[in-house]
Every structure is written in C-alpha cells, then in structure tokens.
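Commentary on secondary and tertiary structure
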Amino acid sequence: DEFQLLIDHVEHCAKQEYHERFLLADEPSHLFEDLILRRPVGKGELARRAGALELPSAGSFVLLALYFSAGRSESQFLAYHAQHAKEAFPHCFVGVHGLYVLVLDASGNAPESLAPPVQAFANAHPCTVGASEAFSSLQDFAFAFQQAKKAVEMAMGLRPSLAARYEEKPSAPSVHRF
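What comes next is a walk through the structure. Treat the numbers as computed from the prediction; the structure is a model and nothing was measured.

**Examining the overall build of the chain**
For the chain, the count of helices and strands is seven helices and five strands. Burial statistics for the chain: of 178 residues in total, 35% are counted as buried. Counted over contacts in the chain with a minimum sequence separation of 6, partners at least 24 positions apart contribute 70%. On the chain, roughly 10,800 Å² of surface is accessible, and the fraction owed to carbon and sulfur atoms is 55%.

As structure tokens, this is what we get:
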C-alpha cells in the first residue's frame, strides 16, 4: 500500500530528526560515557560538569538502563527513544550509551516509585529495562551501570542468575568424558 509506505517514510524521517536534535542538545550522555569508561574525572571536574547539568554529584541515585536490541531497527533511533524517556521521566537525567538509553533518577525517592512509569515506558517501546541498586555518588556510576546491564542480561536470559548457575541438576552426570 503506497499510503503505508509514505507513513513509514515520514516516521523514519521524524525519528532521524529527533536523533540529530538530541545529539546536538545539551544532555548528559558525554558525562555518562566518561563515568562508564572511567575516564579521569576529578572530584572538582565532576562537580563542575554535573553542576552545569544541574545534577547533584552526591545524593541518592538509581540508574535505569533501557536496552534496545541490536537486531531491531529501533536501536538506530536511540535518541528518539531517549527523547521519549525524557518526557516519561521528566525529573530524571537521560543520556545514550551504546545500545542503552540511560535514565538517572536523582530525586532521592524510593526506587519502587519508578516502577509505574518504567512499566508504562517498557510497554510503549521495544526495550528491556534493568535497574541498579541505589547509590550515593556519581563516582559509583560505572558500577551502577554494570548492575543495570547485568539485570538486563538476566531478564533477557543471556546471563543466568547465580542461583541458576549453581543449582543442582539431578539428571546431569557427575563424570564427564571427552
């Protein structure tokens, strides 16, 4: 159907425009990237960069990692999804890293308070969501990202939980041969 083809093309162009606009906007992706890659960011520099984003460098934080599968065409439009995440989580800081849209909640609220908007976002977008434990300093951002990333991997079945890895399997032979 030609009309559907036109709609698909217009949607594609709109998502690309979102992508370009988001990447040019003042957003925390660069800071998130430096923190994840553990690039040297001294406490003073971290406080300055976080302050420029009106992000406290210490407090109570929770990091959400929204994973968009590499096999989906949607992963090409992370900035489009990031813009929607900004709208869904207006009190949070949103950035992009790899195939993840990162949402940093610095409100100090209980992590459970994020559950309803996270569920609504995940229902509307093709993503898997992982959350970190609460942390108190931006210097722990890389560790929080690893926690959220592992949660995504476990949810997708890519990484079994510790309990699953070590649970006894009665049908498995105790002696292995080549």
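Text resumes after the structure shown.
**Quick look at a nonpolar patch on the surface**
On the surface, F3, L6, I7 and V10 cluster together into a nonpolar patch covering about 380 Å² of accessible area. Secondary-structure assignment places I7 in helix α1 (residues 2-24). The partly exposed category is assigned to I7, whose relative accessible area is 34%.

**Brief notes about the environment of L78**
Take L78: it is sitting in helix α4 (residues 78-88). The exposure class assigned to L78 is buried, which follows from its relative accessible area of 6%. Residues L78 and V101 lie 23 residues apart in sequence; the distance between their C-alpha atoms is 6.7 Å.

**Topic: the packing of helix α2 (residues 29-36) against helix α3 (residues 43-52)**
Axis separation between α2 and α3 bottoms out at 10 Å; the angle between their running directions is 150°. In terms of orientation, α2 and α3 fall into the roughly antiparallel class. Relative to α3, the crossing made by α2 is left-handed. Contacts from H30, L31, D34 and L35 of α2 reach α3 at L46, R49 and A50. Partitioning the contact of α2 with α3 into residue classes produces four nonpolar, one polar and two charged.

**Concerning the nonpolar core**
One finds L55, L63, L102, L104, L138 and F141 to be the most contacted residues of the largest nonpolar core, which totals 24 residues. When contributions to this core are tallied by element, the ones reaching two or more residues are α2, α3, β1 (58-67), β3 (100-105) and α6 (141-155). With five residues, the top contributor of residues to this core is α6. In this view, F141 contacts F32, L35, I36, L63, L102, L104 and F135; residues no more than four positions away in its chain are not counted. Ranked by size, the runner-up nonpolar core spans 17 residues in total, among them V62, L66, F68 and L78.

Procedures and definitions
Residues numbered from 1 in each chain as written. Predicted model: local features only at pLDDT ≥ 70, side-chain atom pairs only at ≥ 80, totals over all residues. Heavy atoms only, no water. Helix = DSSP H or I, 4+ residues; strand = E, 2+ residues; numbered from the N terminus. Buried < 20%, exposed > 50% of the residue type's maximum accessible area, 1.4 Å probe, protein only. Contact = heavy atoms within 4.5 Å. Areas by Shrake-Rupley, 256 points an atom, 1.4 Å probe, with all protein chains shown as cover. Patch = residues over 30% accessible without salt bridge, like charges linked within 9 Å, V, L, I, M, F, W, Y side chains within 5 Å. Salt bridge = Lys/Arg side-chain N within 4 Å of Asp/Glu carboxyl O. Axes fitted to C-alpha atoms, helices over the stretch in contact; angles between N-to-C directions. Parallel < 35°, antiparallel > 145°, perpendicular 65-115°, else oblique. Left-handed = near helix turned anticlockwise from the far one by under 90°. Nonpolar A, V, L, I, M, F, W, Y, C, P; charged D, E, K, R; others polar. Core = buried A, V, L, I, M, F, W, Y, C linked by side-chain atoms within 4.5 Å.

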